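The lines below spell out each chain.
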Amino acid sequence: MCATCGCSDHQHAPEGHTHSHSHDHDHARLHDPDAGPGHDLDHLPGHEDGHGHHHDDRDARARGVIQLERDVLARNALLAERNRGWFLGRGILALNLVSSPGAGKTALLERTIRDLGATLPILVIEGDQATARDAERIRAAGARALQITTGTVCHLDAAMVARALRELDPPPGSVVMIENVGNLVCPALFDLGEHGKVVIVSVPEGDDKPIKYPHMFRASDVMVLNKIDLLPHVRFDVARCIAFARQVNPRLEVLEVSATRGDGLEAWYAWLRACRSGPGATGVARSG
């Protein structure tokens, strides 16, 4: 997770708002409290063996990282439950869209908004490390959107979403789509308070994504296989991809679509309507 992947102190801000803080979920550099800035645990004194290895330093650092990760996830889980209660109290369906970069999350949202916007109130929280390009695309499609730029951070967390919700102020009974940062690793660990995760895989990525990134597919409720219009042009075995996905998560629902050409979108729209029609939008519809 981010304690090891490079996230560090930075600024998070919804578009048009800048505020500085020491990384909401405390992905901080681990410092000796008695040392000055820049003196991390790699430089603490410890036992050195004959090969120059500082075992005490290494073990202490590993224990510190593990505890930090636990604290980070525990704090995020608490905030996610608050978000979940907020959604429930307003009858709002919240979905967390996750994928690797370029799988087509934004394109799927654009098409969904254009096709359903008149009957299904959709609002979007966009997560990217930089720029507001995706939020601009969503607004052009006809929906309200708020951009969160995460800087060096590779995922959204529950605190970011809570702040975005206060500004976006979605009406009761609406659908909030949270387009996460393009990444199939860390977003699997961070609950945002959503009712379900939608993992989007595109044909050009290869059919082995589910077994290469099992945690994300295990955490998801539905897999949208996008860009099926490209099947004649790339080597991709649909049956094998679905088998891999079901191997990781037997309950995973699979929808095959082309966001650009329109194939399979009616099944996606039916799935969304079924989710929203649940009692108070409290759960994600599953087949079987």
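This write-up is about the structure you can find in this document. Everything numeric in this text was worked out from a predicted model, so none of it was measured.

By the element assignment, Asp157 lies in the loop between strand E5 (144–149) and helix H5 (158–168). An unpaired buried charge is present at Asp157: no salt bridge exists, and Arg163, the closest side chain of opposite charge, is 5.6 Å distant.

Turning our attention to unusual backbone geometry. You will see that Thr131, though not glycine, has its phi angle at about 75°, which is positive. Since its relative accessible area comes to 45%, Thr131 is described here as partly exposed. Non-glycine residue Asp169 carries a positive phi angle of around 50°. Mapped onto the elements, Asp169 comes out in the loop between H5 and strand E6 (175–179). We classify Asp169 as exposed; its relative accessible area is 52%.

Mapped onto the elements, Leu120 comes out in the loop between helix H3 (105–116) and strand E4 (122–128). Considered as a pair, Leu120 and Val175 are 55 residues apart in the sequence and their alpha carbons are 7.4 Å apart. For Leu120, the residues in contact, after removing those within four places along its chain, are Val175 and Arg276.

Turning next to helix H4 (residues 133–141). For H4, the full list of buried residues reads Asp134, Ala135, Ile138 and Ala141. Taken around the axis of H4, the buried residues stretch over an arc of 120°, which confines them to a single face. Residues of H4 that are exposed and point more than 90 degrees away from the buried face comprise Arg133 and Ala140. Where H4 is buried, its residues touch H3, E4, E5 and E6.

Among the five residues that make up strand E8 (residues 222–226), five are buried, leaving the element largely enclosed by the rest of the structure. Judged by which residues are buried, E8 turns out to be covered on both faces: Val222, Val224 and Asn226 on one side and Met223 and Leu225 on the other are all buried. You can see the chain leave E8, run along helix H8 (residues 238–248) and come back into strand E9 (residues 253–256), and the turn it takes is right-handed.

For the rest of this paragraph, the subject is the nonpolar core. Among soluble globular proteins, nonpolar side chains are generally buried collectively. In terms of nonpolar packing, the biggest core is built from 31 residues, with Val124, Met177, Val198, Trp268 and Trp271 touching the most fellow members. Put simply, the parts of the chain that give this core at least two residues each are strand E3 (93–99), H3, E4, H4, E6, strand E7 (196–202), E8 and helix H9 (265–276). Counting residues per element, this core draws most heavily on H9, at six residues. With near-sequence residues (within four places) excluded, Val198 lies in contact with Asn96, Leu97, Val98, Val222, Val224, Trp268 and Trp271. Grouped together as the second largest cluster of nonpolar side chains are 19 residues, Ala188, Val201, Met216 and Leu225 included.

Calculation rules
- Residues numbered from 1 in each chain as written.
- Predicted model: local features only at pLDDT ≥ 70, side-chain atom pairs only at ≥ 80, totals over all residues.
- Heavy atoms only, no water.
- Helix = DSSP H or I, 4+ residues; strand = E, 2+ residues; numbered from the N terminus.
- Buried < 20%, exposed > 50% of the residue type's maximum accessible area, 1.4 Å probe, protein only.
- Lys, Arg positive; Asp, Glu negative; His and termini not counted.
- Salt bridge = Lys/Arg side-chain N within 4 Å of Asp/Glu carboxyl O.
- Contact = heavy atoms within 4.5 Å.
- Arc of directions from axis to C-beta.
- Right-handed = clockwise from strand over helix to strand, strands pointing away.
- Core = buried A, V, L, I, M, F, W, Y, C linked by side-chain atoms within 4.5 Å.

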